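One-letter residues, chain by chain:
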Amino acid sequence: MDTTAIPHRPGRLPVVGDLLGASLRTPLQSTMRAGAGLGPIFTRKFFGLEIVFVAGIDLVTELNDETRFGKHVGLGVERLRAVAGDGLFTAHTREPNWRLAHDILQPAFSAESMRRYHSTMLEVARELTAAWDHATGPVDVAADMTRLTLETIGRAGFGYRFGSFERAEPHPFVTAMIRALRYAQLENVKLPFVRRALAGSAAQNQADIATMTNLVDEVIEARRREGGEARDLLGLMLTEGHPETGEQLDPVNIRNQAITFVVAGHETTSGALSFALYYLTRHPELLEKARAEVDAVWGDREPAFGDVAKLRYVRRVLDEAMRLWPTAPGYSREAREDLVLGGKYPMRKGDSVIVPLPMLHRDPTVWGPDPEKFDPDRFEPAAVRKRPAQAYKPFGTGERACIGRQFALHEAVLALGIMVQRYDFEADPAYELKIAESLTLKPSGFTVRPRIRERATALTA
Ligand code: MNH
């Protein structure tokens, strides 16, 4: 793409470009710093690679027009193909397996399916409260939210129990996954010794991918042996054909989808819950408001499926947390033909740009003079209606948007509702939000002491 008219930070150097001040461990946060004050579009250059970022509402509205642009599988996402192959997230839209899998798996996220997952989600939430009821010290929020979401996708999607709450350390799948994601992300790094220091060896990476693959192969094998009627993700993949052609997914693709869904199905939701809890502990009056809603709507009953969507305020807390820190922090778009973006920036067919969501979600022309302020009322229906449609995109856009959105929201509202209703949280007032980046964002080092409220519900383990 012709970048001559696009601003960048002053001080770009020959050869290395904008490398100084860039951080490999926190690429998103370093992009936010680099782009501050540069306006709706800017570039960063690393050696021969120049990346265009688009963060302003008008240009993003254009990019989200599916007739002119589509998902770009590049940089980070392309590298993930070493782990997830042509799974839904990493597939090119033109690969036949993308639509095939999309159409076969869509029913796993219908309202009817969500109803079936509810009891599993509740069961896992009870394992969290059982652990927190007996916690003797502070708990690491991101680690426990990861236990919750990994366990939920494992059981609801695959009938597989990771046993996360019975383990002191993360499940080996998670450890391997985190390293493999970091390795993939750092494969773009041009300096081999830096890459090795941060990401480990190629042999380690091969071993990590094998750990993940072996686990999903075991799960798939077990289901093939045992059969059964389950219409969960795995059941659909193994037995369903395409609604029109009857074509089925091949075994390699099923494995890629299984890895994709276990990874995509828990990392992001876990981060969203962690940020939501972080902001609630910083804003006791909002925590009180959320809690009052849960008490009023659920009372002492165990939440039924239909009770979850009634927590409108709890949902807004999550929406607002995902505005400031959308845990999938961006997406990439490519031009479907030669065109001019914003009437100013010529693009050739296939040229791509990245949308850093935390920057779009802070565009002051949309969110007002204090976009950093955590305010769930921004998601009151009247306020939402006043905003441009493309202003808030934590689940991506178009046909390649998140297929698991309803799953994530049901799970997260349910879990957050249960947590705020059952506990008071003592958080370290000195804690300053520190965000760890892998593929997704998470608060790092954020702990709370959960204490059961006087008036906790009958929801016991
Ligand atoms: Mn999810 C795609 C965000 C939860 C499975 N997800 C995306 C994209 C975003 C995203 C953004 C689009 C990426 C891109 O354009 O390159 N997802 C989230 C967030 C949460 C989330 C913020 C939770 C909060 N995602 C989930 C859950 C599942 C899931 C839960 C599965 C159960 N997501 C996917 C899959 C894709 C995806 C699969 C790829 C869909 C496709 O391209 O067809």
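The name an unreviewed UniProt entry assigns to the protein is Cytochrome P450, from the organism Amycolatopsis echigonensis.

Considerations on the coordination of the manganese atom of the ligand
A lone protein donor contacts the manganese atom of the ligand, and this donor is Cys402 (SG), found at 2.4 Å. Here Cys402 is to be found in the loop between α19 (381–386) and α20 (405–422).

Remarks on the site of the ligand
Lys71, Trp98, Thr268, Arg400 and Cys402 are the nearest of the 25 residues found near the ligand. Within the side chain of Lys71, an N or O atom sits 2.8 Å from an oxygen atom of the ligand. One nitrogen or oxygen atom from the side chain of Trp98 is found 2.8 Å from an oxygen atom belonging to the ligand. When residues of the shell around the ligand are traced back to their parent elements, those giving at least two are α12 (251–264), α13 (267–282) and α20. The residue makeup of the shell around the ligand, split by class, is 17 nonpolar, six polar and two charged.

Considerations on the nonpolar core
Within the largest apolar cluster, 101 residues are counted, with the highest numbers of intra-cluster contacts made by Leu416 and Met419. At nine residues, α20 tops the list of elements feeding residues into this core. Beyond its immediate chain neighbours, meaning those up to four positions away, Leu416 contacts Leu273, Ala276, Leu277, Leu280, Val314, Val317 and Leu318. The next biggest cluster of nonpolar side chains, apart from the first, holds 29 residues, and it includes Val54, Ala335, Val366 and Leu409.

With respect to the side chain of Thr152
Note on placement: Thr152 falls in helix α7 (residues 141–158). Overall, the relative accessible area of 1% leaves Thr152 in the buried class. Polar side-chain contacts of Thr152 include one of 2.7 Å to the backbone oxygen of Leu148. A polar side-chain atom of Thr152 sits 3.2 Å from a polar atom in the side chain of Glu411. With residues up to four places along the chain from it excluded, the contact list for Thr152 reads Met121, Val124, Gly157, Phe407 and Glu411.

Brief notes about the layout of surface pockets
The computed volume of the second largest pocket comes to approximately 720 Å³. Forming the boundary of the second largest pocket are 33 residues, of which Ile178, Glu267, Ala436, Ser438 and Lys442 lie nearest the centre. Elements with a minimum of two residues in the lining of the second largest pocket: α7, α8 (172–186), β10 (435–437) and β11 (441–443). Class assignment for the residues of the lining of the second largest pocket results in 13 nonpolar, ten polar and ten charged.

Focus: a nonpolar patch on the surface
Taken together, the side chains of Leu19, Leu191 and Phe193 define a hydrophobic patch exposed on the protein surface, amounting to about 270 Å² of accessible area. Looking at the element boundaries, Phe193 is found in helix α9 (residues 192–199).

Section: the pairing of strand β12 (residues 447–452)
Taken residue by residue, a regular strand's side chains alternate between the two faces of the sheet. One ladder, built from two bridges, connects strand β4 (residues 139–140) with β12; its direction is antiparallel. The residue of β12 that forms the bridge with Val139 is Val448. As paired elements, strand β9 (residues 423–427) and β12 share five bridges and run antiparallel to each other. If you follow Asp424 over to β12, its bridge partner there is Arg451.

A short note on the sheet that holds β4
The three strands lie next to each other as β4-β12-β9, forming an open sheet whose pairing is antiparallel. Every other strand in the sheet has two partners, leaving β4 and β9 as the edge strands with one partner each.

Considerations on empty space enclosed by the protein
To find leftover empty space, one rolls a probe the size of a water molecule over the atoms. Enumeration according to the criterion identifies one cavity of 30 Å³ or more in this entry. Size it by volume and the largest cavity reaches roughly 50 Å³. Around the largest cavity, the lining residues are Gly154, Phe158, Tyr160, Phe162, Leu215, Val216, Val219, Ala258 and Val262. Looking at the lining of the largest cavity, the elements that each hand over two or more residues are α7, α10 (202–226) and α12. No other element matches the three residues that α10 contributes to the lining of the largest cavity. Along the lines of polarity and charge, the residues of the lining of the largest cavity split into eight nonpolar, one polar and no charged.

Some words on the pattern of salt bridges
Using the criterion set out here, one finds 34 salt bridges in the structure. Salt-bridge contacts for Asp338 lead to Arg348; the nearest nitrogen and oxygen are separated by 3.5 Å. With Asp338 in the loop between β5 (330–335) and β6 (339–341) and Arg348 in the loop between β7 (345–347) and β8 (352–356), this pair connects stretches of sequence that are ten residues apart. Among the residues examined, Arg348 registers a relative accessible area of 57% and is labelled exposed. Through salt bridges with shared partners, one network takes in Glu123, Glu127, Glu151, Arg155 and Arg161.

The rules behind each value
- Residues numbered from 1 in each chain as written.
- Predicted model: local features only at pLDDT ≥ 70, side-chain atom pairs only at ≥ 80, totals over all residues.
- Heavy atoms only, no water.
- Donors = N, O, S within 2.8 Å, 3.2 Å for Na, K, Ca; no water.
- Helix = DSSP H or I, 4+ residues; strand = E, 2+ residues; numbered from the N terminus.
- Near = heavy atom within 4 Å.
- Polar contact = N/O pair within 3.5 Å; in protein donor to acceptor, adjacent residues only side chain to side chain.
- Nonpolar A, V, L, I, M, F, W, Y, C, P; charged D, E, K, R; others polar.
- Core = buried A, V, L, I, M, F, W, Y, C linked by side-chain atoms within 4.5 Å.
- Buried < 20%, exposed > 50% of the residue type's maximum accessible area, 1.4 Å probe, protein only.
- Contact = heavy atoms within 4.5 Å.
- 1 Å grid on protein atoms, 1.4 Å probe; cavity = no way out; pocket = protein on both sides within 12 Å on 5 of 7 lines; lining within 4 Å.
- Points joined across faces, edges and corners; volume = space filled by probe spheres on them.
- Patch = residues over 30% accessible without salt bridge, like charges linked within 9 Å, V, L, I, M, F, W, Y side chains within 5 Å.
- Areas by Shrake-Rupley, 256 points an atom, 1.4 Å probe, with all protein chains shown as cover.
- Salt bridge = Lys/Arg side-chain N within 4 Å of Asp/Glu carboxyl O.
- Pairing = 2+ DSSP bridges.

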